[in-house]
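# Residue-level structural notes
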Amino acid sequence: MATITIDPVNRIEGHLKVEMTVNDLSGLVSGAKCTGNLFRGFEMIMNKRDPRDAPVIVQRI
Amino acid sequence: MTGTYVNTLPDNGRIIQNIIQGCDLVMSHITHLYHLSALDFINTSGYPSMGPWLPSYTASDMLVATGADTNTTANTLVLHYVQALAIRRKCHTAGALFSGRQPIQNAMVPGGVTTLFSSTMPGAVTIADSGGPFNATTTQAKFKSLMNEVRAFINTKYIPDVLTVAGAYGKFWTEGIGCQQLLAYGDYPVTAAGKMAIKRGAVEGLTKRTFNQANIREFVNSSYYTYDVLDAGTGKHPYSGVTVPNMGSGGYSWIKSPRLIGSGAASTVFEVGPLARMVMTYLCPTTQVTASENGLASADTLGTVLGLGPLASYTVTQLVNAAVNKAHHSAWVGATLLNTPLTAELGHLYSALGRHAARALEAKYIADLMAGGSDGIAPWVDQLAANGKCYTYSKIPKVVCKGYGLTEAPRGALGHWIQIEGKKVAKYQCVVPSTWNFSPLADGNPGPVEQALNNSHVGTTPTDMIVNILRLVHPFDCCIACAVHVLNPEGKETLKFAIGPDGKPSNVEIKG
């Protein structure tokens, strides 16, 4: 059994890590884990702002 | 805002919002196949050792592009990779005719759009002029001209290329199966009454389940966030949701885990995205919106490519049937393609290839609705009334109010929940598509991508493993946590900092 980690996963938008165990003989995957490596925090940015700012700011997500 | 204090949009506002969103979706889908996924299948070692061909991994089963001027499958795919760069730009240009700029458009506002759709303003600008803005008639003509090029590319290159990749990598019809439960919020209201081109609902296998936004819960069991002691381990509906970062929480991801309870499905894990939208719409045959290939030369239609003849009118059911049949029986042509495929063949949509196929078909459907219409109904761009109202003003109420918006981003179901107090945002929670798909373990189950990786086969050599894992992950079209770069007008970085485990910035470095 081998533990495979790809960090970062390329050709995506954002920063992602995937980790899993692969059976050496069959290539079968188990125990996969996805990790988002960046905090977003738009909820905090929006707090106490004019609600009409929302479409402009949150579309950056 | 619509749903919180804004009532209905005027027709022009609704249609222009659909068009802006549709152009972004088509652009995103084309980019995804060629620029984010194609190199999972093509070995470009015959091309110069430079970007975008490097860095890359080479698996043992890749189609080899020699770089020579010969018409091999792989060389053609590379040629289309380059052509797709121009096509995605045309999608942006077409959308920007209405939105001012794409992406990150700035025309959509609560109540409609700020677009001026006037027959006389800004004067008699001809289509030959490269700049804008244009008056209503010129805008419509220019939009159709651009979108028809995009539609021809989808029909004669994008969809055939997906079928080509499927033909060469047939085993990926059964790899990356995942949770086999789908969720679509639905979008693209085609009537003022709210009839949607993309249907809303939850699906288990090929069976519809109950969806109610009140049943959405976000868990943080495996995420770097903390809930109150009383709520630890349970999910919160976005109205009562909180975002309190805590890297010491014992989790393993900054992504929360949205789950849907009370749907009647086997588990609370749901995959979102083009596959969810196309399957959900497929399962609503009686209320489907037809699209058409009108406005295209016969040779540029998918119907002709498949041997059906130009499709004056088609439904999502017919489109999916034709593509699934063609993928599994490449020799089939004509009306046989429209028969309902075997249940097992439809079931193969739950796979790495199924996700690519659904994305390509959706790009066609939306592009055709925008510029082709259907029999008897004008394309969206021609439904716009010159000088018509594009915006309705609504006053932000002084009283406390709350609301939510459910829509479909290119990557999948997108929901925002807002509470307003004293005319200011008191609470805001976004549950975005990749949060559903890339969520960590919660409520007893791994997230959709984790499940798609589990029980898949990725080979036994390191490079095969890497490439096969990417082939399984990429079809989910990840879009997570964009970074914010603070630059001055000269493009120089002005501020650099790290977010600490407590969620507060540290190591702040002002670079001037």
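This text follows the structure it describes.
Residues numbered from 1 in each chain as written. Chains lettered and ligands numbered in written order. Predicted model: local features only at pLDDT ≥ 70, side-chain atom pairs only at ≥ 80, totals over all residues.

### Things to note about the sheet that holds strand β2 (residues 16–22) of chain A
Short version of the rule: We treat two strands as partners when DSSP finds at least two bridges between them. Put simply, DSSP marks the helices as runs of H or I at least four residues long and the strands as runs of E at least two long, and each gets a number from the N terminus on. Fitted lines through C-alpha atoms serve as axes, helices being fitted only where they are in contact, and the angles separating the N-to-C directions of these axes extend from 0 to 180 degrees. The contact criterion used here is simple: two residues whose C-beta atoms, placed from the backbone, lie within 7 Å are in contact.
One open sheet holds the three strands; their spatial order is β1-β2-β3 (chain A), and the pairing between them is antiparallel. This sheet does not close on itself; its edge strands, each paired only once, are β1 (2–6) and β3 (29–36) of chain A. Recorded for the sheet is a direction-independent mean angle of 15° between the axes of neighbouring strands. Packed on one face of the sheet, helix α12 (residues 462–473) of chain B meets β1 and β2 of chain A and runs near 60° to β1 of chain A.

### Some words on the pairing of strand β14 (residues 424–431) of chain B
Put simply, side chains in a regular strand alternate between the two faces of the sheet. Residues and elements named next belong to chain B. Pairing between strand β13 (residues 412–421) and β14: seven bridges, direction antiparallel. Looking at β14, one finds that E421 is bridged to K424. The turn linking β13 back onto β14 is made up of two residues, and G422 within it adopts a positive phi angle of 60°.

### Concerning unusual backbone geometry
Rule in force here: The burial criterion counts other C-beta atoms lying within 10 Å of a residue's C-beta, which is placed from the backbone; the residue is buried at 20 or more, exposed at 12 or fewer, and partly exposed between these limits.
The omega torsion of the bond from D7 of chain A to P8 of chain A falls at 0°, within 30 degrees of zero and hence cis. Note on placement: P8 of chain A falls in the loop between β1 and β2. Cis geometry marks the peptide bond from G51 of chain B to P52 of chain B; its omega dihedral reads 0°. By secondary structure assignment, the location of P52 of chain B is in the loop between β1 (42–43) and β2 (63–64). Positive phi values are uncommon outside glycine, yet K423 of chain B reaches one of about 65°. Among the secondary structure elements, K423 of chain B is positioned in the loop between β13 and β14. Residue classification places K423 of chain B among the partly exposed positions, given that 14 C-beta atoms sit within 10 Å.

### What to know about the nonpolar core
All names here are of chain B. The criterion, for reference: Linking buried Ala, Val, Leu, Ile, Met, Phe, Trp, Tyr and Cys residues through C-beta atoms within 7 Å yields a set, and such a set is a nonpolar core.
Counting residues in hydrophobic clusters, the biggest one holds 152 residues, and the most contacted among them are V26, I30, I42, L182 and L183. No other element matches helix α8 (residues 352–371), which puts 13 residues into this core. What L182 contacts, discounting residues up to four positions off in sequence, is A202, V203, F270, E271, L275, A276, V279 and M280.

These values are about where atoms sit, not about what they do.
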